[in-house]
Amino acid sequence: MTALIDRRMGIFLAGLFVLTVAIPLGNLAFTDRFVPSYVVSLFGKYLCYALLAVALDLVWGYCGILSLGHGAFFALGGYAMGMHLMREIGDRGVYGNPLLPDFMVFLNYDALPWYWLGFDMFWFACIMVLLAPGALAFVFGWFAFRSRVTGVYLSIITQAMTYALMLAFFRNEMGFGGNNGLTDFKDVLGFNLQSDATRAGLFVLSAIALAAGLLIAKAITNSKLGKVLIAVRDAESRTRFIGYRVEHYKLFVFVVSAMMAGVAGALYTPQVGIINPGEFSPANSIGIVIWVALGGRGTLVGAAMGAIIVGAAQTLLTGWFPEIWIFVLGALFIFVTIFMPQGVLGVIENTLRRRPAARDLTTAREAKA
Amino acid sequence: MTRLRRWLAVTLLLLFPISAAAQTPVDGDFAALVGALPDASFAEVEALVGRIAATNDDRAIDVLEALAEGDLHTLDSNAAVVIVRDVGGDDHAFDALTGESYGEIPRRGSSAIRVNNSLRRAVAAAVGTLTLRHPDPARRLEAAQAAFDAPDPAQADALAAALDAEQDAAVRQALSEAVARAVLQDDAATVPDRRAAIDVIAARRDGVALGVLTPLVQSPDTEIAEAAGAAVERIERARQMWNMAQNVWFGLSLGSVLLLAAIGLAITFGVMGVINMAHGELVMLGAYTTFFVQNIIRTSFPGLFDWSLLIAAPLAFLVAGAVGVAIERGCVRFLYGRPLETLLATWGVSLILQQTVRSIFGPNNREVGNPSWMSGAFEIGQMTITYNRLWILVFALAVFAVLLIVMRRTPIGLQMRAVTQNRAMAANMGIRTGWVDAMTFGLGAGIAGLAGVALSQIDNVSPNLGQSYIVDSFMVVVFGGAGNLWGTLAGAFSIGIANKFLEPYAGAVLAKIVVLVAIILFIQKRPRGLFAVKGRAVDA
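Quick caveat: nothing in here was measured; it's all calculated off a predicted structure. Counting restarts for each chain, with residues numbered from 1 along the sequence as it is written. For naming, the first written chain is A and the first written ligand is 1, with later ones following in the order written. Only residues with pLDDT of at least 70 get local features here, since the model is predicted, and only at 80 or more are side-chain atom pairs given and counted; chain-wide, interface and lining totals rely on the full set of residues. Computation of side-chain values covers all heavy atoms of the structure but excludes hydrogens and water.

Colleague: Which residues make up the environment of Asp-196 of chain A, and what are the values?
Modeller: Strands here mean DSSP runs of E at least two residues long; helices mean DSSP runs of H or I at least four residues long; both are numbered from the N terminus. With respect to the secondary-structure elements, Asp-196 of chain A resides in helix H7 (residues 196-222). Sequence separation between Asp-196 of chain A and Ala-231 of chain A is 35 residues; the distance between their C-alpha atoms is 47 Å.

Colleague: Got a sec to walk through helix H5 (residues 60-69) of chain B? Specific residues and values, please.
Modeller: Residues and elements named next belong to chain B. Note on classification: 1.4 Å probe, protein chains only; a residue is buried when its accessible area is under 20% of the maximum for its type, exposed when over 50%, partly exposed between these limits. For H5, the tally of buried residues reaches seven of 10 residues, placing the bulk of the element in the interior. Listed in full, the buried residues belonging to H5 are Ala-60, Ile-61, Val-63, Leu-64, Ala-66, Leu-67 and Ala-68. Only heavy atoms enter the contact rule, under which two residues are in contact if any of them lie within 4.5 Å. Where H5 is buried, its residues contact helix H3 (30-36), helix H4 (42-54), strand S1 (72-75), strand S2 (81-87) and helix H6 (117-131). Backbone geometry just downstream of H5 places Gly-70 in the positive-phi region, at approximately 80°.

Colleague: Describe the pairing of strand S3 (residues 90-95) of chain B, with residues and values.
Modeller: Residues and elements named next belong to chain B. Relative to S3, S2 is paired through six bridges, and the arrangement is antiparallel. Paired with Val-87 across the bridge in S3 is Asp-90. With antiparallel pairing between neighbouring strands as the criterion, S2 and S3 make up a hairpin whose turn holds two residues, including Gly-88 at a positive phi of roughly 55°. The criterion for strand pairing is that DSSP finds at least two bridges linking the strands in question. In this sheet, strand S4 (residues 101-104) lies alongside S3 in antiparallel orientation, the contact comprising three bridges. The residue bridging Phe-94 from the neighbouring strand is Ser-101, located in S4. Here S3 folds back onto S4, and the loop between the two strands holds five residues, one of which, Gly-99, carries a positive phi near 80°.

Colleague: Explain the pattern of salt bridges to me, and be specific about the residues and the numbers.
Modeller: A side chain of one charge can pair with a side chain of the opposite charge if their charged atoms are brought near each other. Counted as salt bridges are all cases of a side-chain nitrogen of Lys or Arg within 4 Å of a carboxyl oxygen of Asp or Glu. All told, the structure shown has 14 salt bridges over all chains when counted by the stated rule. Between Arg-237 of chain B and Glu-233 of chain B there is a salt bridge, and its shortest N-O distance comes to 3.6 Å. Highlighted residues: Arg-237 of chain B and Glu-233 of chain B, both in helix H12 (residues 222-271), separated by four residues, approximately one helical turn. In this structure, Glu-341 of chain B engages Arg-338 of chain B in a salt bridge whose closest nitrogen and oxygen atoms are separated by 3.9 Å. Counted as one network, the salt bridges with shared partners bring together Glu-236, Arg-240 and Lys-250 of chain A.

Colleague: Got a sec to walk through helix H13 (residues 324-339) of chain A? Specific residues and values, please.
Modeller: Here the expected span of a helix is defined as 1.5 Å times the quantity of residues minus one. The first and last C-alpha atoms of H13 of chain A sit 21 Å apart over 16 residues, in line with the 22 Å expected at 1.5 Å per residue. Among the residues of H13 of chain A, Trp-325, Leu-329, Gly-330, Phe-333, Ile-334, Val-336, Thr-337 and Ile-338 of chain A are the ones counted as buried. Contacts made by the buried residues of H13 of chain A are with helix H11 (282-295) and helix H12 (301-320) of chain A together with helix H14 (308-330) and helix H15 (339-361) of chain B.

Colleague: Describe the packing of aromatic side chains, listing the residues and the values that go with them.
Modeller: Note on ring pairs: Phe, Tyr and Trp rings are taken, using the six-membered ring of Trp, and paired if centres are within 6.5 Å. Classes follow the plane angle, with under 30 degrees stacked, over 60 edge-to-face and the rest tilted. This model, assessed by the stated rule, comprises 29 aromatic pairs over all chains. Between Tyr-49 of chain A and Trp-291 of chain A, the ring centres sit 4.8 Å apart and the planes meet at 40°, which makes this aromatic pair tilted. Taken together, the residues span a long stretch of sequence, with Tyr-49 of chain A in helix H2 (residues 37-63) and Trp-291 of chain A in helix H11 at a distance of 242 residues. An identical accessibility class is assigned to Tyr-49 of chain A and Trp-291 of chain A; each is buried. Considering the side-chain rings of Tyr-153 of chain A and Phe-269 of chain B, the 6.1 Å spacing of their centres and the 50° angle between planes classify their relative orientation as tilted. Residue Tyr-153 of chain A is found in helix H6 (residues 151-170), and its partner Phe-269 of chain B is found in helix H12; the two belong to separate chains. Phe-269 of chain B gets classed as buried once you look at its relative accessible area, which sits at 5%. The ring of Phe-94 of chain B has Arg-85 of chain B sitting right over it, with the charged end atom 5.3 Å from the ring centre. The rule for a charge over a ring is simple: NZ of Lys or CZ of Arg within 6 Å of the ring centre, and within 35 degrees of the ring normal.

Colleague: Quick one: what's the story with the side chain of Thr-74 of chain B, residue by residue and with numbers?
Modeller: When you line up the elements, Thr-74 of chain B lands in strand S1. Leave out the neighbours within four places in its chain, and Thr-74 of chain B touches Pro-38, Ala-79, Ala-80, Val-81, Ser-110 and Ser-111 of chain B.

Colleague: How would you summarise the nonpolar core if you had to cite specific residues and measurements?
Modeller: Nonpolar cores were defined as sets of buried Ala, Val, Leu, Ile, Met, Phe, Trp, Tyr and Cys residues, with membership established by side-chain atoms within 4.5 Å. In this structure, Trp-116, Leu-182, Leu-210, Leu-214, Phe-280 and Trp-291 of chain A together with Phe-269 of chain B are the most contacted members of the largest nonpolar core, which totals 215 residues. The leading source of residues in this core is H2 of chain A, at 17 residues. What Trp-291 of chain A contacts, discounting residues up to four positions off in sequence, is Tyr-49, Leu-52, Ala-53, Ala-303, Gly-306, Ala-307 and Val-310 of chain A.

Colleague: Please set out the confidence of the model for chain A residue by residue, giving values where relevant.
Modeller: Caution is warranted with low-pLDDT regions, since their predicted coordinates should not be read in detail. All names here are of chain A. This prediction gives chain A a mean pLDDT of 88; 95% of its residues lie at or above 70. Mean pLDDT across the secondary structure elements of chain A bottoms out at helix H15 (residues 361-368), with 46, and peaks at helix H10 (residues 246-272), with 95. Confidence scores per residue from the predictor, reported as pLDDT, run from 0 to 100. Considering only residues more than four positions removed or in separate chains, one finds that residues 357-369, a stretch of pLDDT under 50, has nine contacts.

Colleague: I'd like a rundown of the interface of chain B and chain A, residues and numbers included.
Modeller: Put simply, an interface is often sized by how much accessible area is lost when its parts join up. Each partner contributes to the interface: chain B provides 40 residues, whereas chain A provides 40 residues. Throughout, the accessible surface (probe 1.4 Å) given up by two parts as they are put together, summed over both, is called the buried area. Buried area between chain B and chain A, both sides added, is near 3,600 Å², and the carbon and sulfur share of it is 79%. By the criterion of area lost to chain A, the three top residues of chain B are Leu-340, Leu-344 and Gln-524 of chain B, representing 18% of everything that side buries. The interface formed by chain B and chain A contains zero salt bridges. Polar contacts here mean pairs of N or O atoms no more than 3.5 Å apart (in protein, one a potential hydrogen donor and the other a potential acceptor; neighbouring residues in sequence count only if both atoms are side-chain atoms). Counting across the chain B and chain A interface gives three residue pairs in polar contact (both at pLDDT 80 or more). Those elements that place two or more of their residues in the side of chain B that touches chain A are H15, helix H20 (467-480) and helix H22 (508-525) of chain B.

Colleague: So what's going on with the environment of Gly-483 of chain B? Residues and values would help.
Modeller: All names here are of chain B. Note that Gly-483 resides in the loop between H20 and helix H21 (485-506). Take Gly-483: its relative accessible area is 38%, and that puts it in the partly exposed class. The sequence separation of Gly-483 and Ala-326 amounts to 157 residues, and the corresponding C-alpha distance is 23 Å.

Colleague: Can you break down the layout of surface pockets residue by residue, with the values?
Modeller: In this analysis, the protein atoms alone were mapped onto a 1 Å grid. Cavities are point sets where a 1.4 Å probe fits without being able to get out; pockets are open sets with protein on both sides within 12 Å along at least five of seven lines; lining residues have an atom within 4 Å of a point. Grid points are joined across faces, edges and corners, and a volume is the space filled by probe spheres set on the points. In this structure, the second largest pocket occupies an estimated 820 Å³ of space. Every residue lining the second largest pocket is counted, 35 residues in all, and those nearest its centre are Ser-281, Ala-283, Asn-284 and Gly-287 of chain A together with Trp-347 of chain B. Taken together, the elements giving at least two residues each to the lining of the second largest pocket come down to H2, helix H3 (70-89), H6, H11, H12 and H13 of chain A together with H15 and H20 of chain B. At six residues, the largest contribution of residues to the lining of the second largest pocket is made by H11 of chain A. Residue type decides the class: Asp, Glu, Lys and Arg count as charged, Ala, Val, Leu, Ile, Met, Phe, Trp, Tyr, Cys and Pro as nonpolar, and the leftover types, Gly among them, as polar. Residues that form the lining of the second largest pocket fall into these classes: 21 nonpolar, 12 polar and two charged.

Colleague: Could you give an account of the sheet that holds S2 of chain B, with specific residues and numbers?
Modeller: Residues and elements named next belong to chain B. If you trace the five strands from one edge of the open sheet to the other, you get S4-S3-S2-S1-S5, paired in antiparallel fashion. Looking at which strands have only one partner, the edges of the open sheet turn out to be S4 and strand S5 (110-112). Here the strands of the sheet are splayed against their neighbours by 35° on average, with no regard to which way each runs. Two elements, S1 and S5, share three bridges in a ladder whose sense is antiparallel. Residue pairing across strands places His-73 opposite Ala-112, the latter belonging to S5. Strands S1 and S2 of the sheet are contacted by H5, whose axis makes an angle of about 75° with S2. Only the contacting stretch of a helix is used when fitting its axis, a line to C-alpha atoms as for every element, and angles between N-to-C directions run 0 to 180 degrees.

Colleague: I'd love a proper account of a nonpolar patch on the surface, names of residues and values included.
Modeller: Residue and element names in this part refer to chain B. Taken together, the side chains of Phe-292, Ile-296, Phe-301, Leu-304, Trp-307, Leu-310, Ile-311, Leu-315, Trp-373, Trp-391 and Val-394 make up a nonpolar region of the molecular surface, amounting to roughly 1,000 Å² of accessible area. Put simply, the parts of the chain that give the nonpolar patch at least two residues each are helix H13 (279-300), H14 and helix H16 (387-409). Sorting elements by how many residues they give to the nonpolar patch places H14 first, with three residues. Accessibility expressed as a relative area gives 47% for Phe-292, which makes it partly exposed. Patches draw on residues past 30% relative accessible area with no salt bridge. Two like charges within 9 Å are joined, as are two nonpolar side chains (Val, Leu, Ile, Met, Phe, Trp, Tyr) within 5 Å. For the area figures, the Shrake-Rupley method with a 1.4 Å probe applies, and any residue is considered shielded solely by the protein chains shown.

Colleague: Can you explain the side chain of Thr-221 of chain A? Please cite residues and give values.
Modeller: Residues and elements named next belong to chain A. Note on placement: Thr-221 falls in helix H7. Taking relative accessible area as the criterion, Thr-221 reaches 3% and is therefore assigned buried. Contact partners of Thr-221, with chain neighbours within four places excluded, come to Leu-58, Tyr-62, Gly-226, Lys-227 and Leu-300.

Colleague: Hey, could you go over unusual backbone geometry for me, with residue numbers and the actual values?
Modeller: All names here are of chain A. A positive phi is found at Arg-148, a non-glycine position, where the angle reads about 55°. Considering the arrangement of structural elements, one finds Arg-148 in the loop between helix H5 (122-146) and H6. For Leu-300, which is not a glycine, the phi torsion comes out positive at approximately 60°. Secondary-structure assignment places Leu-300 in the loop between H11 and H12.

Colleague: So what about the packing of H7 of chain A against helix H8 (residues 224-234) of chain A? Which residues, and what values?
Modeller: Two packed helices can be described by the angle between their axes and the distance between those axes. Residues and elements named next belong to chain A. Between H7 and H8, the least distance of the axes is 4 Å, while the angle of their chain directions is 75°. Between H7 and H8, the angle is such that the two are roughly perpendicular. Residue-level contacts link Ile-220, Thr-221 and Asn-222 of H7 to Lys-224, Leu-225, Gly-226, Lys-227 and Leu-229 of H8. Of the residues contributing to the contact of H7 with H8, the split by class is three nonpolar, three polar and two charged. By the definition adopted for this analysis, an angle is roughly parallel if under 35 degrees, roughly antiparallel if over 145, roughly perpendicular if from 65 to 115, and oblique otherwise.

Here is the structure:
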């Protein structure tokens, strides 16, 4: 347990715990809404992004697989949950059809497509949240890693994968709502999605998922398997020559990461209230990479921080100066890659270490290793 | 008044057929024939129309058309036959024979010669036959085509006569088809005549011919049905061939666009190993340079508009190239050997470029015009080739050829290849590697700018222009094999053609998805592309 929760993980989880308690409490306990309701959903969204960033950091930071298609796994998880939420609307839609979601009535569907069957059951949707991204990652990774597609080539084909999925989901004929995606959700498991209590509940769930994701990722990277992953990252051929089945390790971590991204998407959809094909866009997936790079690649905690920092900065800056945000984001990409290869977390820890008063020098060094 | 007179005339005609016949105007007397129109019955007018047409008088077409339109009147004042035309909102009367103007006429000062639908048809047929002898071949062609579109067995003889007199080859062709179709409509025609007509129509080998011949397959006459069936089959086969040719052309066209978009990337990614995510934005800069140049030409030198692309091309090369050099010196050079980081940094650059253009030119599409030599189309057989697509294909191949020569035959090309192959050794030989890096990147970027000039002709010029090409162009380079320009060429055209051949079956979007998936699978099989660079460089 001590190895699992080192100093940076401890601090982060403590901070996360404080947030998880303070934000819903501030929203629900005060009659005048000390914390406005939208802030709860907003932070819930950041936490989903953070989980997504952790998932990407697991493959990129520890195994050297720069996936430019992680947005696809996120969106698949989101769609799986969105499909359940659509089914739960029942006959309260605009057209009042008890079986078909509104967009299907609109597009003259006679019956529910076969791949929508079962999504009226919550447990089934939850399984699909893990299974859909996991299966895609398994098939994709099986082919890619077995034929030793690495580095830049892998990045480009993951990008092609999410691009192809985006084009596919934009098609009305696919039966996923086309351009508009899935929206107008009413409630989940009987709880009204508009109510503050449900929002707070989803927020807490997102926090728990993030903490769990961090701990799982940490457990994987701390294990012997994790050491092999790092070996693959640093010297793939050498690891293979020593006798490890590199592709198996990569495939395992890729599938785990995809499932984590799927969970993040599943929590994201009810809090944002919509899931559409835009989530598959290659630009989104590259955005995830910058969260990880900004926070600190290969640190897990840093990735989560990076996602929250970028998300918050985007919300604030697009509110204050809408024109400026893209410039800032672009500059961030350039600045971080050139001047902060270790990310924000690296900078913070380096500063702390350089201070003469820093007592636990050894701990910090261990943490770095 | 006139109506009464006309009734009287009709009654008189019925009562005294002999005297009426005696009054009948002589054939060939145009004035008399026209003069007889007002007092004739519908049936007689119909006969008169044919005889007026038979005079071959130059004035006949005008008079007959006016008749069909209800614009042929008689003046109440002097009973003259006039054509009423709208002059500045008022009705003016012009003498039907002399063209002399009677000036403005009061609304009730004249009465129209009445026509019915059967008369209008007669007039149309007569005018058609008349136009068949018009001195202008273009008008004759038009008339022949009109006769083809509205076949009338009764006109077959007139058409055949016109065909005998015709000298112009194109008009002869159209006329013989019109005759053939009229014959096919004629139930009284003999079997050999109809078979010959089928052959004439079948020679068109297009959809129209198919439309004419397909119903004949059901003909009760087995010989005709057989001949038509064989002809339909022949046409179908020809059409499939043309369809295939058209698809190949569309594929080549798409391929040339992909080639243009990817060829700069083949330099930066293929030769230097730098993932330049801002490549699409450099293409966009080229397109905006074209827009800017055209804007200046429009306001200051409108006469130069046809030259605008030729002026814009070198400028776009310089603008995009300069930006490329700035990107290389300002950011990429710190990241050599770390391709994934380069990818992120250049993505940042692309965001900044996009937003800069959006701030300056606005987020909307900008209009870039086609110079006259790039607009329009021509036809080869049954396929249509637009000039802009053709020129873009030519341009893409020209850029490719020039690039190949630069890389293979010039000192700078030699230095580029030397630095890529062995940086340390090249530096030892006195090559300024940093400068060569900047130039190589600038060359790739400049070519992206050139691509922008071409793409501005067929795509919307907006800040998002580059985004739509970036995935495609990476696919082309990866598919063709990084580091090999020929691979890029082959990759671009095979992806383009594959895409266009899939489109009729799968639809545009699905075709694209299928191609993407196919490339992903292909890369599994050959991770280094179609034309992989062999040797040690592979693992570096």
